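Geometric and topological summary
The lines below spell out each chain.
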Amino acid sequence: MSFFELLQESLPLFLQGMLLTLQLSVISLIIAMFIGLGSCLMNISKIKVLHWIAMCYINIIRGTPLLVQTFFIYFGVTKAFGLSMTALTAGIVALSLNAGAYLSEIFRGGIEAIPRGQTEAARSLGMSHGAALIKIILPQALRIVIPSVVNQCIITIKDTSIISVIGLAELTMVGSQIIARTFRSFEIWIIVGVFYFVIIYVLSKLSKLVEKRLSLAQGADTKFA
Amino acid sequence: MLKVQIQNLHKHFGSNEVLRGMDLDVEEGEVICLIGPSGSGKSTFLRCINSLEQPTDGMVVVDGKVITDKHADLDRIRENIGMVFQQFNLFPHLTVLRNITMAPMQCKKLKRADAEQRAHELLATVGLSEKWDCYPSSLSGGQQQRVAIARALAMDPALMLFDEPTSALDPEVVGDVLAVMRKLAKAGMTMIIVTHEMGFAREVADRVVFIDDGVIVEQGLPSQVFGAPQHERTRAFLEKVL
Ligand SMILES: Nc1ncnc2c1ncn2[C@@H]1O[C@H](COP(=O)(O)OP(=O)(O)OP(=O)(O)O)[C@@H](O)[C@H]1O
Ligand SMILES: [Mg+2]
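The following paragraphs examine the structure supplied in this document.

Each value, and the rule that gives it
- Residues numbered from 1 in each chain as written.
- Chains lettered and ligands numbered in written order.
- Predicted model: local features only at pLDDT ≥ 70, side-chain atom pairs only at ≥ 80, totals over all residues.
- Heavy atoms only, no water.
- Helix = DSSP H or I, 4+ residues; strand = E, 2+ residues; numbered from the N terminus.
- Buried < 20%, exposed > 50% of the residue type's maximum accessible area, 1.4 Å probe, protein only.
- Contact = heavy atoms within 4.5 Å.
- Lys, Arg positive; Asp, Glu negative; His and termini not counted.
- Charge placed at Lys NZ, Arg CZ, Asp CG, Glu CD.
- Phe/Tyr/Trp six-rings, centres within 6.5 Å; stacked < 30°, edge-to-face > 60°.
- Lys NZ or Arg CZ within 6 Å of the ring centre and 35° of its normal.
- Pairing = 2+ DSSP bridges.
- Axes fitted to C-alpha atoms, helices over the stretch in contact; angles between N-to-C directions.
- Core = buried A, V, L, I, M, F, W, Y, C linked by side-chain atoms within 4.5 Å.
- Near = heavy atom within 4 Å.
- Polar contact = N/O pair within 3.5 Å; in protein donor to acceptor, adjacent residues only side chain to side chain.
- Areas by Shrake-Rupley, 256 points an atom, 1.4 Å probe, with all protein chains shown as cover.
- Nonpolar A, V, L, I, M, F, W, Y, C, P; charged D, E, K, R; others polar.
- Parallel < 35°, antiparallel > 145°, perpendicular 65-115°, else oblique.
- Left-handed = near helix turned anticlockwise from the far one by under 90°.

Within chain A one finds 8 helices and 0 strands. Put simply, chain A runs from its N terminus to its C terminus through helices and strands in the order α-α-α-α-α-α-α-α. Viewed in the frame of its principal axes, chain A has a C-alpha envelope of about 75 × 50 × 20 Å. For chain A, with 225 residues in total, the buried portion stands at 44%. Considering only contacts in chain A between residues 6 or more positions apart, those separated by 24 or more positions represent 76%. Put simply, chain A has 17 plus and 10 minus side-chain charges, and the middle of one group is 11 Å from the middle of the other.

Turning to the packing of aromatic side chains, a few remarks are in order. Per the stated rule, a full pass over the model turns up 6 aromatic pairs over all chains. A ring pair is formed by F71 of chain A and F75 of chain A, whose centres lie 5.8 Å apart and whose planes are at 35°; its orientation type is tilted. You can see F71 of chain A and its partner F75 of chain A sitting in helix α3 (residues 66-81), 4 residues apart, about one turn around the helix. Aromatic rings pair up to connect F71, Y74 and F75 of chain A into one cluster. Positioned above the aromatic ring of F91 of chain B, the side-chain terminus of R151 of chain B is 4.5 Å from the ring centre.

Attention now goes to the sheet that holds strand β5 (residues 65-66) of chain B. Residue and element names in this part refer to chain B. The 4 strands are arranged β2-β1-β4-β5 in an open sheet whose pairing can be described as antiparallel. Every other strand in the sheet has two partners, leaving β2 (16-27) and β5 as the edge strands with one partner each. Relative to the sheet, helix α1 (residues 42-49) contacts β1 (2-13), β2 and β4 (57-62), its axis offset from that of β1 by approximately 120°.

Moving on: the nonpolar core. Membership of the largest hydrophobic core comes to 59 residues, with the highest contact counts inside it found for L34, F45, I49 and I192 of chain B. In terms of residue count, the dominant contributor to this core is helix α6 (residues 129-159) of chain A (10 residues). Aside from chain neighbours lying at most four places away, what touches L34 of chain B is K42, F45, L46, I192, I193, V194, T195, V209 and I211 of chain B. Counting 49 residues, the second-largest nonpolar core is a separate cluster that includes V31, C33, F162 and L169 of chain B.

Residues and elements named next belong to chain B. In the vicinity of ligand 1 lie 13 residues, with S38, G39, K42, S43 and T44 positioned nearest. Between an oxygen atom of ligand 1 and a main-chain N or O atom of S40, the distance comes to 3.2 Å. In this structure, an oxygen atom belonging to ligand 1 sits 2.8 Å away from a side-chain N or O atom of K42. Protein burial of ligand 1: of its 630 Å² of free accessible surface, 59% is covered by the chains. Every element with two or more residues in the shell around ligand 1 is listed here: β2 and α1. The biggest single contributor to the shell around ligand 1 is α1, with 3 residues. The residue inventory of the shell around ligand 1, partitioned by class, reads 3 nonpolar, 8 polar and 2 charged.

On to the pairing of strand β3 (residues 31-35) of chain B. All names here are of chain B. Summarising burial for β3: 5 of the 5 residues are buried, a large majority. Covered by surrounding structure in β3 are V31, C33 and I35 together with I32 and L34, the residues of both alternating faces. Where β3 and strand β8 (residues 190-194) come together, 4 bridges link them in parallel fashion. Paired with L34 across the two strands is V194, which belongs to β8. Where β3 and strand β9 (residues 207-212) come together, 4 bridges link them in parallel fashion. Bridge pairing in β9 places L34 opposite V209.

Residue and element names in this part refer to chain B. A positive phi angle, near 55°, is found at N8, a position not held by glycine. Its location among the elements puts N8 in strand β1. Since its relative accessible area comes to 37%, N8 is described here as partly exposed. Notably, K109 is not glycine yet its phi reads approximately 55°, a positive angle. Within the secondary structure, K109 sits in the loop between α3 (96-107) and α4 (112-125).

On to the packing of α3 of chain A against helix α4 (residues 87-113) of chain A, then. All names here are of chain A. Where α3 contacts α4, the two axes come as close as 9 Å, and the packing angle between them is 135°. In terms of orientation, α3 and α4 fall into the oblique class. With respect to the hand of their crossing, α3 and α4 are arranged in right-handed fashion. Contacts between α3 and α4 involve L66, Q69, T70, I73 and Y74 from the former and A87, A90, V93, A94, L95, L97 and N98 from the latter.

Right, dumping it as structure tokens:
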């Protein structure tokens, strides 16, 4: 079987796998943004309990491998609480919790990079703590963190391959399955790699576009950062 | 009528006693210039007036509201106290117009059209009508500071605080900012100004207050404080800066 016959034959499977990889990535990352922002706000909160909960969450996620987290959620949590969870759900939960912790730290870095004077100016005008955060600090912080957020998205997209261990037929799993049938591991892993590469390449290009848009939106000669 | 009443104001940072019992009454429409050596506590004093710093002890009353009260609604009281910073602190992600309309729309729930109309009026007052659509980064320091003054005025404050508004500016634009402040003073605004511009203080101030080491050492008419200072510390300071 030539390379092209192999490709032609396996393409439908790969496309299915890619669809699942994309689904896993997009849903997890959207949830992770909310978890990240929420836990970041908890982390910087003056209320000690909230700060403490966020710190525990972030440290536990950063201190353990994603593989262990995935097993823990899919096998451990379901067993302990008698839940039933599809592999896809478990994968999304694991990935969002994981990416959420890293995004939380990225957001915190962004918020802390905004000079104190910005908050002081807003508060001196009578704006509440919340209004200052939402209208003044976060919009500036989000701009600063875009490159790091994109970087985390790329890491999470690649991390979806780890979710194959709980039997989800995403790209990497599809690859192994085809190899089990055809023994063409050299070509198949190249094909799998190309799929990931294309997804990430497109994302990088899109993010550059967004960054450009945002910098245009405040004058081309922006000195701010 | 008394606009500001400050009694026995103390502020510690840890064991560092920065303000050591200060009293000051300011009448409506009065312009006060605070002068004193670096580190004497001028900024801290000003920031205690709108509670950007929490005083350790003492009482601050602005326009009849006790800002040092534990249950004071600080946001509402601060709406009534404009502040202008040495570093301008404009919001870099917003245009000049949005910088000015943000707080009135957010805090006073002004309609956009009304807020914008007021913003354009204020920009005219500070001589920057044509800059409404610019971002702060494209303005000079002097222009940024004038926008910052307009932004503070947009809340219709009863009192304006200035913390060395011209210290970060190139000498050739200092005059533009001082001109705006002079105009405000003439219009009857109550102002407390920390400044190193002694010429300006002499000309505009109704009262000059000399602060050293966390206490008010001496105060009076500019002609008295500059012309015939009563205290050795005032004399020593003025000799250095004049
Ligand atoms: N947030 C803070 N934490 C600790 N110490 C502070 C803080 N802010 C001010 N200080 C200290 O308080 C003292 C007075 O500072 P302040 O800024 O009020 O002086 P200043 O008279 O405004 O001086 P300058 O003319 O240099 O602006 C200084 O010794 C300073 O180190
Ligand atoms: Mg100061």
